[in-house]
Amino acid sequence: MRSRYSAYVLGLEDYLLATWHASTRPAALDLGTGPAAKWLGLDVKARTEAGDAATVEFVARCRIGGRAQRLHEVSRFVREDGRWFYVDGLID
């Protein structure tokens, strides 16, 4: 989760797509379109792991166009061939 947050901060679309599970991965992210987000921090609230499945609850804070935003999500991950992949998330 932390590496994906860092990839959003740095605008590393290739990394984000490579760590996104093929079953839910979009064709592109286009992070460069629209107003740029200035990421301010990540707070991991909880995590669970059961075999090759995991969830991570987090709050990420950013500023877009001078306005503070927060993203509160519970993300699902799966492990395949020893690597973790983001599947999807439920936004609160």
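Residues numbered from 1 in each chain as written. Predicted model: local features only at pLDDT ≥ 70, side-chain atom pairs only at ≥ 80, totals over all residues. Heavy atoms only, no water.

S.K.: Got a minute to help me understand the pattern of salt bridges in this structure?
M.R.: Side chains bearing opposite charge may pair, as long as their charged atoms lie close to each other. With the rule as written, the count across this model stands at four salt bridges. In this structure, Asp-43 engages Lys-45 in a salt bridge whose closest nitrogen and oxygen atoms are separated by 2.8 Å. Its salt-bridge partner being Arg-76, residue Asp-88 comes within 2.6 Å of it at the nearest N-O pair. With a gap of 12 residues between them, Asp-88 in strand E4 (residues 83-91) and Arg-76 in strand E3 (residues 67-80) connect regions that are remote in the sequence. The class for Asp-88 is partly exposed, based on a relative accessible area of 29%. Its relative accessible area of 43% is what places Arg-76 among the partly exposed residues. (Salt bridge = Lys/Arg side-chain N within 4 Å of Asp/Glu carboxyl O. Helix = DSSP H or I, 4+ residues; strand = E, 2+ residues; numbered from the N terminus. Buried < 20%, exposed > 50% of the residue type's maximum accessible area, 1.4 Å probe, protein only.)

S.K.: Would you mind going over the packing of aromatic side chains with me for this structure?
M.R.: Two numbers describe a pair of aromatic rings. These are the distance of the centres and the angle of the planes. Throughout the structure, instances matching the rule amount to four aromatic pairs. Both rings, one in Tyr-5 and one in Trp-39, keep their centres 5.9 Å apart while their planes meet at 80°; by these two values the pair is edge-to-face. Highlighted residues: Tyr-5 in helix H1 (residues 2-10) and Trp-39 in strand E1 (residues 37-50), separated in sequence by 34 residues. When its relative accessible area of 25% is taken as the criterion, Trp-39 is described as partly exposed. Relative to Tyr-86, the ring of Phe-77 lies with its centre 5.7 Å away and its plane at 70°, an arrangement referred to as edge-to-face. Classification of Tyr-86 by relative accessible area gives buried; the value is 11%. Taken together, the ring pairs connect Tyr-5, Tyr-8 and Trp-39 into an aromatic cluster. The ring of Trp-20 has Arg-4 sitting right over it, with the charged end atom 5.1 Å from the ring centre. (Phe/Tyr/Trp six-rings, centres within 6.5 Å; stacked < 30°, edge-to-face > 60°. Lys NZ or Arg CZ within 6 Å of the ring centre and 35° of its normal.)

S.K.: What should I look at first to understand the pairing of E4 in this one?
M.R.: Regular strands place side chains that alternate from one sheet face to the opposite one. As paired strands, E3 and E4 are joined by eight bridges and run antiparallel to one another. Looking at the pairing, Val-74 lines up with Leu-90 of E4. The turn joining E3 and E4, which pair antiparallel and follow one another in sequence, is formed by two residues; a positive phi near 50° is taken by Asp-81. (Pairing = 2+ DSSP bridges.)

S.K.: Help me understand unusual backbone geometry in this model?
M.R.: The phi angle of most residues is negative, glycine excepted, and most peptide bonds adopt the trans form. Even without being glycine, Asp-30 reaches a positive phi, approximately 55°. Residue position: Asp-30 is located in the loop between helix H2 (13-18) and E1. In this model, Asp-81 sits at a positive phi of 50°, which is unusual for a non-glycine residue. Positionally, Asp-81 belongs in the loop between E3 and E4.

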